[in-house]
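Residue-level listing of the chains:
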Amino acid sequence: QVQLVESGGGLVQAGGSLRLSCAASGQTIGFYGMGWFRQAPGKERECVAAISWSGKSPYYADPVKGRFTISRDNAKNTVYLQMNSLKPEDTAVYYCAARPGRIVTPPTGNEFWGQGTQVTVSS
């Protein structure tokens, strides 16, 4: 199994930036689709970004297009989420996910999840 640990969350003001990291261990992520999901209180967990094993054609949810960038470094077994121009509505717990093949939504139960990292954006 692959274990995922997120880091980089915190409290920032609107308009600021954060870079989240997802470090994998136990198994290479080289053939996994990787993604970032977020969940705000009282809301469903939603996919905000996903990237294939090759790094081609990343997916972004409409609310984050143009502001967030997902990337991966297979040699370091790490996935990143660069978040710019943050808004209060981005406040949520952000989770890293790995799935053999590709990330799909809604999740099927075949995913591996990290513990999550809190992102809070103040106005």
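Note that the coordinates shown come from a computational prediction; the quantities given were computed from them, not determined experimentally. Per-chain numbering applies: the sequence of each chain, read as written, is numbered from 1 onward. Per-residue local features of the predicted model are confined to residues with pLDDT of at least 70, and side-chain atom pairs are confined, for both listing and counting, to 80 or more; whole-chain, interface and lining totals are unaffected and use all residues. Heavy atoms from the whole structure form the basis of all side-chain values; hydrogens and water molecules are not counted.

1. Here we look at the environment of Asn74
No. 1: Counting from the N terminus, the helices are DSSP H or I runs at least four residues long and the strands are E runs at least two residues long. Topologically, Asn74 is positioned in the loop between strand S7 (68–73) and strand S8 (78–83).
No. 2: Using a 1.4 Å probe on the protein chains alone, a residue whose accessible area is under 20% of its type maximum counts as buried, one over 50% counts as exposed, and one in between counts as partly exposed. A residue is classified by how much of its surface remains accessible, and Asn74, at 30% relative accessible area, is partly exposed.
No. 3: Residues Asn74 and Pro100, spaced 26 residues apart in sequence, show a C-alpha to C-alpha distance of 14 Å.
No. 4: Any two residues whose heavy atoms approach within 4.5 Å at even a single point are treated as in contact. Residues contacting Asn74, with those up to four places away along its chain left out, are Ile29, Gly30 and Trp53.
No. 5: N or O atoms within 3.5 Å of each other form a polar contact, as long as, within protein, one can give a hydrogen and the other can take it, and as long as residues adjacent in sequence are counted only when both atoms are side-chain atoms. Among the polar contacts made by the side chain of Asn74, one reaches the main-chain carbonyl oxygen of Trp53 at a distance of 3.4 Å.
No. 6: At a separation of 2.8 Å, a polar atom in the side chain of Asn74 contacts the side chain of Arg72.

2. Thoughts on the state of the cysteines
No. 1: By convention in this document, the label disulfide applies to cysteine sulfur atom pairs within 2.5 Å. Taken as a whole and judged by the stated rule, the model has one disulfide.
No. 2: The partner cysteine of Cys22 in its disulfide is Cys96, sulfur to sulfur 2.1 Å. Torsion about the S-S bond of the Cys22 and Cys96 cystine: about -80°, corresponding to left-handed handedness. Of this pair, Cys22 sits in strand S3 (residues 18–25) while Cys96 sits in strand S9 (residues 92–100), placing them 74 residues apart in sequence.

3. Some details on the sheet that holds S8
No. 1: An order of S1-S3-S8-S7 is seen for the four strands of this open sheet, with the pairing classed as antiparallel. This sheet does not close on itself; its edge strands, each paired only once, are strand S1 (3–7) and S7. The average undirected angle you get between the axes of adjacent strands in this sheet is 15°. Should DSSP find at least two bridges between two strands, the strands are taken to pair. Interaxial angles span 0 to 180 degrees and are taken between N-to-C directions of axes, which are lines fitted to C-alpha atoms, for helices over the stretch in contact.

4. Some remarks on the pattern of salt bridges
A side chain with one charge may pair with a side chain of the opposite charge, provided their charged atoms come close.
No. 1: Here, a salt bridge means any Lys or Arg side-chain nitrogen found within 4 Å of an Asp or Glu carboxyl oxygen. Enumeration according to the criterion identifies five salt bridges in this entry.
No. 2: Linking Arg38 and Glu46 is a salt bridge whose minimum nitrogen-to-oxygen distance equals 2.9 Å.
No. 3: Given the relative accessible area of 30%, Glu46 is considered partly exposed.
No. 4: Put simply, Arg38 and Asp90 hold a salt bridge, and the shortest N to O gap is 2.9 Å. Separated by 52 residues along the polypeptide, Arg38 in strand S4 (residues 32–39) and Asp90 in the loop between S8 and S9 bring together distant segments of the chain.
No. 5: Its relative accessible area of 1% is what places Asp90 among the buried residues.
No. 6: Residues participating in the shared-partner salt-bridge network are Arg38, Glu46, Arg67 and Asp90.

5. Description of the packing of aromatic side chains
No. 1: Stacked, edge-to-face and tilted labels apply to pairs of Phe, Tyr and Trp rings (six-membered ring for Trp) whose centres lie within 6.5 Å, assigned for plane angles under 30 degrees, over 60, and everything in between, in that order. Enumeration over the complete set of coordinates arrives at three aromatic pairs.
No. 2: Between Phe31 and Trp53, the aromatic rings sit 6.2 Å apart at their centres with planes inclined by 40°, giving tilted as the arrangement. Within this pair, whereas Phe31 is found in the loop between S3 and S4, its partner Trp53 is found in the loop between strand S5 (46–51) and strand S6 (59–60), the two being separated by 22 residues in sequence.
No. 3: Relative accessible area serves as the criterion here: at 64%, Phe31 is assigned to the exposed category.
No. 4: A relative accessible area of 47% places Trp53 in the partly exposed class.
No. 5: Counting as a charge over the ring demands two things of the Lys NZ or Arg CZ atom: a distance within 6 Å of the ring centre and an angle within 35 degrees of the ring normal. One residue, Arg45, lies across the ring of Tyr95, its end atom 3.7 Å from the ring centre.
No. 6: Between the NZ or CZ atom of Arg45 and the centre of the ring of Trp113, over which it lies, the distance is 4.7 Å.

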